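What the coordinates show
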Amino acid sequence: MSAVDKPHPEPEERWDADRDETEAERLDRNWSSILQELRVTQTGVQLLTGFLLTLPFQARFTQLDGPMRTVYLVTVACSIGATVLLVAPVGMHRVLFRRHRLDAIVSASHACAISGLVLLGLALVGVGVVVFDTVVGRTGAWIMGGATLAAFVTFWFLIPLPLRRRTDRSY
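This write-up is about the structure you can find in this document. The model shown is predicted, which means the values in this text are computed figures rather than measured ones.

**Comments concerning the nonpolar core**
The biggest cluster of nonpolar side chains holds 28 residues, and the ones touching the most others in it are L52 and Y72. At the level of elements, helix 1 (23-54), helix 2 (66-96) and helix 3 (102-135) are the ones that each hand at least two residues to this core. In terms of residue count, the dominant contributor to this core is helix 3 (ten residues). Discounting chain neighbours no more than four positions away, the residues touching L52 are Y72, T75, V76, S79 and V127.

**Quick word on the layout of surface pockets**
Roughly 290 Å³ of volume is contained in the second largest pocket. Along the wall of the second largest pocket there are 14 residues; nearest its centre are L55, R60, L64, V130 and T134. Going through the elements one at a time, helix 1 and helix 3 are the ones with two or more residues in the lining of the second largest pocket.

**With respect to the pattern of salt bridges**
Going through the model one piece at a time under the given rule, you end up with four salt bridges. E23 serves as the salt-bridge partner of R26, at 2.4 Å between the closest nitrogen and oxygen. Of the two residues, R26 and E23 are both situated in helix 1; the distance of three residues between them amounts to about one turn of the helix. Classification of R26 as buried rests on a relative accessible area of 10%. Among the residues examined, E23 registers a relative accessible area of 44% and is labelled partly exposed. We note a salt bridge from R138 to D133, for which the minimum N-O separation is 2.6 Å. According to the relative accessible area criterion, D133 is buried, its value standing at 14%. In this structure, a network of salt bridges that share partners links the residues D65, D133 and R138.

About the cut-offs
- Residues numbered from 1 in each chain as written.
- Predicted model: local features only at pLDDT ≥ 70, side-chain atom pairs only at ≥ 80, totals over all residues.
- Heavy atoms only, no water.
- Core = buried A, V, L, I, M, F, W, Y, C linked by side-chain atoms within 4.5 Å.
- Buried < 20%, exposed > 50% of the residue type's maximum accessible area, 1.4 Å probe, protein only.
- Helix = DSSP H or I, 4+ residues; strand = E, 2+ residues; numbered from the N terminus.
- Contact = heavy atoms within 4.5 Å.
- 1 Å grid on protein atoms, 1.4 Å probe; cavity = no way out; pocket = protein on both sides within 12 Å on 5 of 7 lines; lining within 4 Å.
- Points joined across faces, edges and corners; volume = space filled by probe spheres on them.
- Salt bridge = Lys/Arg side-chain N within 4 Å of Asp/Glu carboxyl O.

Written as structure tokens, this is what we have:
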């Protein structure tokens, strides 16, 4: 397992070692941080999913050809999957409430959030492709899809991942 894949840094690697907090306080802080991040994404992904679920009932939906219907269905599946994963930590918390398993909730919620973000990014790519195909045509659709995918991968992963490896803490 590489340093990037570790769920928690080793004690000697802890960037927050100067915090005077117990393990329970650290878990509470991490849980609060995850909840704040999920609040940002949950509303957006739920609105996106709701929007996508209404499209087949619109008159122009029948104009989508076979490939775009496939893109649409994959997009809906990604959006539903993202919704499930980004809301899952709330359900896990309810099931494990008062069971002293905040460590498991924080760890599982982290995995759900990462997976949910990947599916959300793919859903955004699909939405861009379907909308641009309808408005400007197939070439514009694939350009938009590629640009959206590149932006999502760059800003959500390629920029932050190297920052996880940095040992310089002066920033």
